[in-house]
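Inside the fold
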Amino acid sequence: MRLLILGGTAMLGRELARQAIDRGIDVTCAARGTGPIPDGADFVRVERDLDDGLETVKSREWDAVIDLTRQPGHARRAVRDIRTRHWVFISSGNAYARFDRPEQNEDAELLEPLADDVMSDMSEYGAAKVACEQTVRASQESWTVIRSGLIGGAGDATGRSGYYPWRFAHPTGPDVLAPPDLTFPVALIDIEDLASWTLDCATGHAHGTFNATGLTTTLAEFLDTARSVAGASVTTRRVPGEILSAAGVGAWMGTPSLPLWIDEPDWRWFATLDTTAARNAGLVTRPLADTLAAALEYEYHRTAPRAAGLTDDEERALRERLDS
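Just so it is clear, the structure is predicted and the values come from calculations on it, not from any experiment.

Within the protein chain, the secondary structure is distributed over 10 helices and 17 strands. Relative to the 2.2 N^0.38 estimate, which gives 20 Å for 324 residues, the radius of gyration of the protein chain is 20 Å and therefore close to what a compact globule would have. Projected onto its principal axes, the C-alpha positions of the protein chain cover 65 × 40 × 35 Å. With 324 residues in all, the protein chain has 52% of them scored as buried. Restricting to contacts in the protein chain with at least 6 residues of sequence separation, those with at least 24 account for 75%. Roughly 13900 Å² of accessible area belongs to the protein chain as shown, and the carbon and sulfur atoms make up 49% of that amount. Of the charged side chains in the protein chain, 33 are positive and 49 negative, and the gap between their average positions amounts to 2 Å.

This is the structure in structure tokens:
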């Protein structure tokens, strides 16, 4: 089988390539080359911002293509130039228009698709993914669209899945500071599970649109699991929202932040998705503890600062505010 991965140098792309090679698949990664690809994959440098940027891969017919782009122009040129028996597009739960209801299924309302070829900023990410989805469906007879939830585990450079296990393993005081609402719903999918099922869809030509994430839990249960994975005995202390705001500590991600919660009621169910269709089509997700253990192991080897959470000094300063 000849598989073309449009990407392959970032977190999910590398994992897709690695697992595909392990399956004996002939893998080609077409990307700018900003990161390493797994041994055994062919690399073709492409510049997808150019109209003829895929010239080096358009002459072959592929058994399957997996595209991870967020730019509608990339998707439009790719389906125009590349011939394949099956197309898999990795979309996002950000494509949905509302997040004030739990576990939406694939028929829920979507954002209006982005008309432009390029996002102006990340606020257009969901709309851009919708435009890419529509392009794939309109141009391919055989296709899979996967709306992924939050991805965690090994290689999570954002630190959203690794921050709390790391913090429990390296507390700066007698407790670990946490968001004020520990009932906040949380779900994420392990990078290895998402990659494995994506390859199943590519090789099996699964047809349709699927949500893909883990089972919904609460932030309290997430923190308990992170504590257990870290082998820690320190407690959790909730920080009132007004103190977080005064300290400039954000929500969900970014620095400084307390990850995995959102202090807006209309976004309460942002992380959750109904994955019934995907599970009926073979998606299997591992226990949360396994994902957090992998994320913690990655934290010990990361080479760049995490993009979520608090540094030691930031957590100490926030604790001083609480105690003053």
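Its place among the elements puts Asp117 in the loop between β7 (87-92) and α3 (125-139). Sequence separation between Asp117 and Thr209 is 92 residues, and the spatial gap between their C-alpha atoms is 22 Å. When residues no more than four places from it in sequence are discounted, the contact partners of Asp117 are Gln71, Pro72, Gly73, Arg76 and Arg77. Engagement of the side chain of Asp117 in a polar contact is seen with the side chain of Arg76, the distance being 2.6 Å.

Summed over the entire model, instances satisfying the criterion amount to zero disulfides. Here Cys132 stays unpaired: no disulfide links it, and the sulfur of Cys201, its closest cysteine neighbor, is 18 Å away. Relative accessible area serves as the criterion here: at 2%, Cys201 is assigned to the buried category.

Moving on, we come to helix α1 (residues 11-22). Its 12 residues place the ends of α1 17 Å apart at the C-alpha level, agreeing with the 16 Å of an ideal helix rising 1.5 Å per residue. Within the span of α1, buried status applies to Leu12, Gly13, Glu15, Leu16, Ala17, Gln19 and Ala20. For α1, the secondary structure elements touched by its buried residues are β1 (2-6), β2 (26-31), β5 (64-67), β7, β9 (151-152) and α5 (191-204). Positive backbone phi, at 85°, marks Gly24, one or two positions downstream of α1.

Turning our attention to the packing of helix α2 (residues 72-81) against α3. Axis separation between α2 and α3 bottoms out at 8 Å; the angle between their running directions is 10°. Comparing their axes, α3 and α2 come out roughly parallel. Contact residues: Pro72, Ala75, Arg76 and Val79 in α2; Ala128, Ala131, Cys132, Thr135, Val136 and Ser139 in α3. Here the contact of α2 with α3 is composed, by residue class, of seven nonpolar, two polar and one charged.

This structure, assessed with the given rule, holds 30 salt bridges. For the salt bridge of Asp193 with Arg286, the shortest nitrogen-to-oxygen distance reads 2.7 Å. Here Asp193 is found in helix α5, whereas its partner Arg286 is found in the loop between α8 (276-280) and α9 (288-299), with 93 residues between them in sequence. Glu299 serves as the salt-bridge partner of Arg306, at 2.8 Å between the closest nitrogen and oxygen. For the pair shown, Arg306 and Glu299 are each scored as buried.

The rules behind the values
- Residues numbered from 1 in each chain as written.
- Predicted model: local features only at pLDDT ≥ 70, side-chain atom pairs only at ≥ 80, totals over all residues.
- Heavy atoms only, no water.
- Helix = DSSP H or I, 4+ residues; strand = E, 2+ residues; numbered from the N terminus.
- Rg over C-alpha atoms; globule rule 2.2 N^0.38 Å.
- Buried < 20%, exposed > 50% of the residue type's maximum accessible area, 1.4 Å probe, protein only.
- Contact = heavy atoms within 4.5 Å.
- Areas by Shrake-Rupley, 256 points an atom, 1.4 Å probe, with all protein chains shown as cover.
- Lys, Arg positive; Asp, Glu negative; His and termini not counted.
- Charge placed at Lys NZ, Arg CZ, Asp CG, Glu CD.
- Polar contact = N/O pair within 3.5 Å; in protein donor to acceptor, adjacent residues only side chain to side chain.
- Disulfide = S-S within 2.5 Å.
- Expected span 1.5 Å × (residues − 1).
- Axes fitted to C-alpha atoms, helices over the stretch in contact; angles between N-to-C directions.
- Parallel < 35°, antiparallel > 145°, perpendicular 65-115°, else oblique.
- Nonpolar A, V, L, I, M, F, W, Y, C, P; charged D, E, K, R; others polar.
- Salt bridge = Lys/Arg side-chain N within 4 Å of Asp/Glu carboxyl O.

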